[in-house]
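So the chains spell out like this:
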Amino acid sequence: QCQRCGGEQFTKEGHDREGRPVYRCRSCHRRCTTHSTSAFAGYRFPPDVIALAVRWYLRYRFADAELAELLAERGIHVDPSTLYDWVQHFTPLYQEAARAHRHAPRGKWSIDETYIKVGGVAQYVFRAIDEHGQVIDVFVSPTRDAEAATTFLRRAVTETDVRPHTVTTDKAAIYPPALAVVLGHRQH
């Protein structure tokens, strides 16, 4: 189907520089290839190179400059800012594709929090992980109190539609009241 007009009638019109067949829409006369509808369309580098670079960035947490150096060792010269653009564009696509392959959250959760600075302001990041090691939910709060823990737990339960039967925490005093309010009597 044509991306411009939605037409479904095409005429074959030779090949592009990479040897892919080129088609012309009979309605609007736009030229396209089978690659035209791909997420990689419009990029100068082959899809394999882009996919490899984004995968390495996400899997091994390389900096843009380190990733550019690794690719250069393989004869692929890419500017670090281009790698950054690829990661920004393709990461949500990878996340969406992987979402279908995740396990459904189970009833045994581990909950913790950490202290970070966001823009120079102290914040607490609450995180829930299920028994498969998948992140269930993340919540950022300026305070580390029972109210913040309650808000986090309510949101996590609402988002997943799962009420955990066992919750493991770091035994902080904020969790028992929050667990009692949100989950009732559950094993802690």
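Residues numbered from 1 in each chain as written. Predicted model: local features only at pLDDT ≥ 70, side-chain atom pairs only at ≥ 80, totals over all residues. Heavy atoms only, no water.

Participant: Got a sec to walk through the layout of surface pockets? Specific residues and values, please.
Facilitator: If you add up the space inside the largest pocket, you get close to 300 Å³. Leu58, Arg61, Thr91, Tyr94, Gln95 and Ala98 are the residues that line the largest pocket. The element that contributes the greatest number of residues to the lining of the largest pocket is helix α3 (residues 80-99), accounting for 4 residues. Tallied by class, the residues present in the lining of the largest pocket amount to 3 nonpolar, 2 polar and 1 charged. (1 Å grid on protein atoms, 1.4 Å probe; cavity = no way out; pocket = protein on both sides within 12 Å on 5 of 7 lines; lining within 4 Å. Points joined across faces, edges and corners; volume = space filled by probe spheres on them. Helix = DSSP H or I, 4+ residues; strand = E, 2+ residues; numbered from the N terminus. Nonpolar A, V, L, I, M, F, W, Y, C, P; charged D, E, K, R; others polar.)

Participant: Give me the lowdown on the pairing of strand β2 (residues 21-25), citing residues and values where you can.
Facilitator: Across 4 bridges, the pairing between strand β1 (residues 10-15) and β2 is antiparallel. Paired with His15 across the two strands is Pro21, which belongs to β2. In terms of strand pairing, β2 meets strand β3 (residues 31-33) through 3 bridges, oriented antiparallel. Pairing of Tyr23 across the sheet is with Cys32, part of β3. (Pairing = 2+ DSSP bridges.)

Participant: Can you break down the sheet that holds strand β5 (residues 121-130) residue by residue, with the values?
Facilitator: Reading across from one edge, β6-β5-β4-β7 is the order of the 4 strands in this open sheet, with mixed pairing throughout. Two strands bound the open sheet, and with one partner strand each, they are β6 (135-141) and β7 (166-168). Each neighbouring strand pair of the sheet contributes to a mean axis angle of 25 degrees, computed without reference to strand direction. By the bridge criterion, 6 bridges tie β5 to β6 in an arrangement that is antiparallel. Looking across to β6, one finds that Arg127 is bridged to Val138. (Axes fitted to C-alpha atoms, helices over the stretch in contact; angles between N-to-C directions.)

Participant: I'd like a description of helix α1 (residues 47-60), backed by residues and values.
Facilitator: With 14 residues, α1 ought to run about 20 Å at 1.5 Å a step, and its terminal C-alpha atoms sit 20 Å apart, in line with that. Along α1, the residues classified as buried are Val49, Ile50, Ala53, Val54 and Trp56. Projection of α1 onto a plane perpendicular to its axis shows the buried side chains occupying an angular sector of 160 degrees, all on one side. Along α1, the residues that are exposed and aim more than 90 degrees away from the buried face are Asp48 and Arg59. At its buried positions, α1 is contacted by α2 (64-73) and α3. Note on α1: the residue one or two positions beyond its end, Arg61, has a positive phi of about 60 degrees. (Expected span 1.5 Å × (residues − 1). Buried < 20%, exposed > 50% of the residue type's maximum accessible area, 1.4 Å probe, protein only. Arc of directions from axis to C-beta. Contact = heavy atoms within 4.5 Å.)

Participant: Lay out the side chain of Gln123 with the relevant residues and their values.
Facilitator: Looking at the secondary structure, you find Gln123 in strand β5. A relative accessible area of 15% means that Gln123 is categorised as buried.

Participant: So, the nonpolar core: which residues are in play, and what are the values?
Facilitator: If you look at the biggest cluster of nonpolar residues, it comprises 21 residues, and the most contacted ones within it are Trp109, Ile111, Phe126, Phe152, Leu153 and Tyr175. Of all the elements in the fold, those that place two or more residues in this core are β4 (108-118), β5, β6, α4 (146-160) and α5 (175-183). Among the elements that line this core, the one with the most residues is α4, at 6 residues. By size, the runner-up hydrophobic cluster in this structure holds 14 residues, among which are Phe40, Ile50, Val54 and Leu67. (Core = buried A, V, L, I, M, F, W, Y, C linked by side-chain atoms within 4.5 Å.)

Participant: Before we move on, can you summarise the packing of aromatic side chains with the specific residues and values?
Facilitator: The full count for this structure, using the stated rule, is 6 aromatic pairs. On the basis of an interplanar angle of 75 degrees and a centroid distance of 5.4 Å, the ring pair of Phe45 and Trp86 is categorised as edge-to-face. Residue Phe45 is found in the loop between β3 and α1, and its partner Trp86 is found in helix α3; the two are separated by 41 residues along the sequence. Here Phe45 falls in the buried class, since its relative accessible area comes to 15%. Among the residues examined, Trp86 registers a relative accessible area of 2% and is labelled buried. With centroids separated by 5.9 Å and ring planes inclined at 40 degrees, the aromatic side chains of Tyr60 and Phe62 adopt a geometry described as tilted. By relative accessible area, which is 44% here, Tyr60 ends up partly exposed. Members of the aromatic cluster, each reached through a chain of ring pairs, are Phe126, Phe139 and Phe152. (Phe/Tyr/Trp six-rings, centres within 6.5 Å; stacked < 30°, edge-to-face > 60°.)

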